[in-house]
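Coordinate inspection notes
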Amino acid sequence: MTPTPQSTVRRPTSDLDVYSDEALLNPWPGYRELRDAGPVVFLERYGMYAATRYDAVSHVLRSPEVFPSSEGVMMNDEMNQVLRGNTLCSDGEAHSASRRVIVRPLTPKAVRLLQDDIRAQARKLVEELTGRREFDAVTDLAQYLPVTIVSNLVGLPEEGRERMLVWASEMFNCFGPPNDRTRDSFVVLGEMMEYATTQAVPGKLRPGSWAEAIHGAAARGEVPADKCPVMMIDYMGPSLDTTIFAISSAVWLFARHPDQWDLVREDPSLIPSAINEVLRMEAPIQDFSRSVAVDHEIDGVVLPAGSRVIAFYGAANRDERRYPDPDRFDVRRNPTDHLAFGAGPHTCVGMNLARLEMRALFEVLVERVTRFEIRSEQRALHNILRGFARLDVTVHV
Amino acid sequence: MPKITYRVGDETTTVDATVGSSMMHDAVRNDIGGIIAECGGNAMCATCHVYVEDGPVDSLPEVGFAEDEMLDCTAAPREQNSRLSCQIPVTDALDGLTVRVADEQA
Ligand code: HEM
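Residues numbered from 1 in each chain as written. Chains lettered and ligands numbered in written order. Predicted model: local features only at pLDDT ≥ 70, side-chain atom pairs only at ≥ 80, totals over all residues. Heavy atoms only, no water.

A word on the packing of aromatic side chains
All names here are of chain A. Definition in use: Side-chain rings of Phe, Tyr and Trp (the six-membered ring for Trp) are treated as a pair once their centres are within 6.5 Å; stacked means planes under 30 degrees apart, edge-to-face means over 60, and tilted covers the remaining angles. Numbering goes from the N terminus for both helices and strands, where a helix is a DSSP run of H or I of at least four residues and a strand is a run of E of at least two. Whether a residue is buried, partly exposed or exposed follows from its accessible area with a 1.4 Å probe, protein chains only, as a fraction of its type maximum: under 20%, in between, or over 50%, in that order. To sit over a ring, a charge needs its Lys NZ or Arg CZ within 6 Å of the ring centre and within 35 degrees of the ring normal.
Under the definition given, this model contains 17 aromatic pairs over all chains. Relative to F362, the ring of W261 lies with its centre 6.3 Å away and its plane at 75°, an arrangement referred to as edge-to-face. Placement of the pair is W261 in helix 15 (residues 258–266) and F362 in helix 18 (residues 351–368), with a sequence separation of 101 residues. Each member of the pair, W261 as well as F362, is classed as buried. One aromatic cluster is present, formed by F254, W261, F329, F362 and F372 through successive ring pairs. The positively charged end of R280 is found above the aromatic ring belonging to Y323, 5.1 Å away from the centroid. Taking NZ or CZ as reference, R379 lies 4.9 Å from the ring centre of W252, over its face.

Considerations on the site of the ligand
All names here are of chain A. Where we set the bar: For this purpose, a residue is taken to be near a molecule or strand whenever a single non-hydrogen atom of the residue falls within 4 Å of it. Pairs of N or O atoms are called polar contacts if they sit within 3.5 Å, as long as, within protein, a hydrogen donor faces a hydrogen acceptor (for residues adjacent in sequence, only side-chain-to-side-chain pairs). Asp, Glu, Lys and Arg are counted as charged, while Ala, Val, Leu, Ile, Met, Phe, Trp, Tyr, Cys and Pro are counted as nonpolar; the rest, among them Gly, fall into the polar class.
Near the ligand, the surroundings consist of 28 residues, among which H95, R99, Y313, H346 and C348 are the closest. In this structure, an oxygen atom belonging to the ligand sits 2.6 Å away from a side-chain N or O atom of H346. For the shell around the ligand, a count of residues per class yields 17 nonpolar, 8 polar and 3 charged.

A short note on the environment of T13 of chain B
The line we're drawing: Note on contacts: a residue pair is in contact if any heavy atoms of the two residues lie within 4.5 Å.
Inspection of the secondary structure assignment puts T13 of chain B in strand 2 (residues 11–16). Residues in contact with T13 of chain B, not counting those within four places in the same chain, are I4, T5, Y6 and I32 of chain B.

Structural notes on the coordination of the iron atom of the ligand
Where a metal carries four tetrahedral donors, each ideal angle is 109.5 degrees; where it carries six octahedral donors, the ideal angles are 90 or 180 degrees. What counts, and what does not: Shown as donors are all N, O and S atoms within 2.8 Å of a metal ion, widened to 3.2 Å for Na, K and Ca; because water is not in the atom set, sites may appear incomplete.
Coordination of the iron atom of the ligand by the protein comes from a single atom, C348 of chain A (SG), at 2.3 Å. With respect to the helices and strands, the residue C348 of chain A is situated in the loop between helix 17 (313–316) and helix 18.

Quick look at the interface of chain B and chain A
How big an interface is tends to be stated in terms of the accessible area lost upon association of its parts. Let me state the cut-off plainly: What gets called buried area is simply the loss in accessible area from a 1.4 Å probe that two parts show on being joined, summed for both. A pair is scored as a salt bridge if a Lys or Arg side-chain nitrogen falls within 4 Å of a carboxyl oxygen belonging to Asp or Glu.
Across the boundary between the two partners, chain B contributes 16 residues, which contact 24 residues of chain A. Across the chain B to chain A interface the summed buried area is about 1,400 Å²; carbon plus sulfur atoms make up 53%. Remark: the boundary between chain B and chain A carries 2 salt bridges. For R355 of chain A, the salt bridge is made with E38 of chain B, and the minimal N-O distance between the two is 3.2 Å. There are 8 residue pairs in polar contact (both at pLDDT 80 or more) connecting chain B and chain A. By residue class, the composition of the side of chain B that touches chain A is 9 nonpolar, 4 polar and 3 charged.

Notes on the side chain of H382 of chain A
All names here are of chain A. Considering the arrangement of structural elements, one finds H382 in the loop between strand 9 (371–379) and strand 10 (388–396). For H382, the side chain forms a polar contact with the main-chain nitrogen of L385, separated by 3.0 Å. If we skip the residues at most four places from it in the chain, H382 touches L24, S169, F172, N173 and R181.

Overview of the pattern of salt bridges
On inspection of all chains with the given rule, the structure shows 41 salt bridges over all chains. For R321 of chain A, the salt bridge is made with D36 of chain A, and the minimal N-O distance between the two is 2.9 Å. Taken together, the positions of R321 of chain A in the loop between helix 17 and helix 18 and D36 of chain A in helix 2 (residues 28–37) put the pair 285 residues apart, joining distant regions of the chain. The exposure class assigned to R321 of chain A is partly exposed, which follows from its relative accessible area of 44%. A salt bridge links D16 of chain B to K3 of chain B; the nearest nitrogen and oxygen atoms lie 2.5 Å apart. Here K3 of chain B lies in strand 1 (residues 3–8) and D16 of chain B lies in strand 2, a separation of 13 residues in the sequence. Accessibility expressed as a relative area gives 39% for D16 of chain B, which makes it partly exposed. Here the salt bridges share partners, and the residues they tie into one network are R32, R35, D36, E282, R318, D319, E320, R321, D327, R379 and R386 of chain A.

Things to note about the layout of surface pockets
Operational definition: In this analysis the probe radius is 1.4 Å and the grid spacing 1 Å, with only protein atoms considered; a cavity is a set of points the probe fits into but cannot get out of, a pocket is an open set with protein on both sides within 12 Å along at least five of seven lines, and lining residues have an atom within 4 Å of a point. Grid points are joined across faces, edges and corners, and a volume is the space filled by probe spheres set on the points.
The computed volume of the largest pocket comes to approximately 960 Å³. Elements with a contribution of two residues or more to the lining of the largest pocket: helix 3 (54–61) and helix 5 (92–103) of chain A together with helix 2 (65–71) of chain B. Looking at side-chain class alone, the lining of the largest pocket contains 13 nonpolar, 16 polar and 11 charged residues. Computed from the structure, the second largest pocket encloses a volume of approximately 550 Å³. Lining of the second largest pocket is provided by 23 residues; of these, Q115 and R359 of chain A together with E38, T47 and A106 of chain B occupy positions nearest its centre. Among the elements of the structure, helix 6 (108–112), helix 7 (115–132), helix 16 (271–281) and helix 18 of chain A are those that each provide at least two residues to the lining of the second largest pocket. Looking at the lining of the second largest pocket element by element, the count peaks at 5 residues for helix 18 of chain A. For the lining of the second largest pocket, the per-class residue count stands at 9 nonpolar, 8 polar and 6 charged.

Notes on the confidence of the model for chain B
The cut-off we apply is this: The predictor reports its confidence for every residue as pLDDT, a score running from 0 up to 100.
Residues with a pLDDT of 70 or more make up 100% of chain B, whose mean pLDDT is 95. Overall fold confidence for the complex sits at a pTM of 0.95, while the interface term, ipTM, reaches 0.90.

Focus on empty space enclosed by the protein
Residue and element names in this part refer to chain A. If you walk through the whole model with that rule in mind, you get 5 cavities of 30 Å³ or more. As a volume, the largest cavity reaches approximately 700 Å³. Around the largest cavity, the lining is made up of 41 residues, and of these P238, I285, C348, V349 and G350 lie nearest the centre. No other element matches helix 18, which puts 5 residues into the lining of the largest cavity. Looking at the lining of the largest cavity residue by residue, the class counts come to 27 nonpolar, 10 polar and 4 charged. What the second largest cavity holds in volume is close to 140 Å³.

Quick look at helix 7 of chain A
Cut-off, in case you're wondering: For a helix, the expected span equals 1.5 Å multiplied by the residue count minus one.
An ideal rise of 1.5 Å per residue puts 26 Å on 18 residues; helix 7 of chain A measures up with 26 Å between its terminal C-alpha atoms. Where helix 7 of chain A ends, the next residue or the one after it, R133 of chain A, has phi of about 75°, a positive value.

What about the sheet that holds strand 4 (residues 82–84) of chain B?
All names here are of chain B. To keep things clear, this is the line we draw: One requirement defines pairing of two strands: DSSP has to find at least two bridges between them. Convention adopted: a line fitted to C-alpha atoms gives each axis, helices being fitted over their contacting stretch, and angles between N-to-C directions are expressed from 0 to 180 degrees.
In space, the 5 strands of this open sheet follow the order 2-1-5-3-4, with mixed pairing throughout. The open sheet terminates on both sides in strands that have one partner only, identified here as strand 2 and strand 4. Adjacent strand axes in the sheet meet at a mean angle of 35° when their direction is disregarded. Pairing geometry for strand 3 (residues 49–54) and strand 4, over 3 bridges, is antiparallel.

Structure follows, in structure tokens:
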């Protein structure tokens, strides 16, 4: 390869620490700085590139030949070894084969079968909580459907079900760059992987569950049997926390924008649009990464082969080049093109279920609640996930 | 620019399609009704279902695995000529294509 003369190469750099406590709690000013600095910007502190503009993030996610997932989608080498070969961290035929198995219980058709049960449970829960007036929107509201319904569908034995929330959160911390948060979480990750290997096995899993179906697929030769433990992580990781954070962020946004809540109350057909807008504003997963397989130029900046680029879904969703007035919460915007569920071949397989859970709750909340009032809030301080650890609210009915 | 015709209910609209876009995006941009496209064009929601009726049907790309899976989930019945419009990139070869948007999407 002929070296390009230095003068024609643009390589925007930044010394911003995107994983500092401050940036994680309020990432938006940093994201804006990075978007303005270039389509992709080299993060000096981490030795990785950051894609923050909508077009750049979308391009990275939709170009798997250049930006593969099989060398991992995390921001540290150790973790990129751990999950090798699951659906999230694979490409091409191997990815299609395991995705085909993982998506089976999550297609629109499969999820339609869950609709009545989820709606009924959502109604019962919301009626109870609105009767109480004061509750924690995280533990009392947001966790309920994922923990009671989804964890049961996944089908781990009792102990595993109870640990799933902790495991998932710690696992996602391990997606971060080598920092204290990442290191501290590796202990729990070990426990989770051990469980996925020794306990999430036929005979121990709930018959008819999603986890059992992975083993069934392996027995039929649809996926290699040795991939079962890492494929368990496809369900154990993202099925609960993401949705929980999305629900708590929705309550938080509606509490702070009562005019927008009124719009949805007056016209509940806006609920799907409002949910997309919540996900755009507060992407529950802020960023994953991709390796760079070949030298590749994005809008005049060259990403060298062998480097890694972080795709900031959360930053793309606030790109003023894509969304006018991006920091404004507008329930009528209906941004179906937001990137909170990713895009391209690895687009979230759980989105139909996540949407159903959110819709079911807000369909009842709009009937009952005139105002959410926040009594106290505590954000989760997390490398990757964005949402609340606690959100104490009073509801006016 | 290739011309693509969409039929929605009793209405027929022909648009100058944009090469490089998907049929779904192009239809939405041109205010063709009846397409929801909840998942933003990622073959996950089956709400941009169309029936290919006429024109250069042989120029359409094959149905991929993700699309095939989703076509089993459409609200209106899947037919031989069912496609998800988000999985069809607009190319010059599609000039003269006519599709009917499925009545029911969700
Ligand atoms: C609001 C809730 C959710 C959000 C925001 C979310 C977000 C995401 C994102 C951003 C990706 C793309 C990863 C990439 O680009 O590499 C993804 C993939 C994935 N999600 Fe979700 N997710 C949610 C709910 C769920 C649920 C409920 C499940 C399972 C029941 C799930 C299972 C998966 C799986 C298995 C993948 C990997 C797909 C692949 O690599 O082909 N997600 N999710």
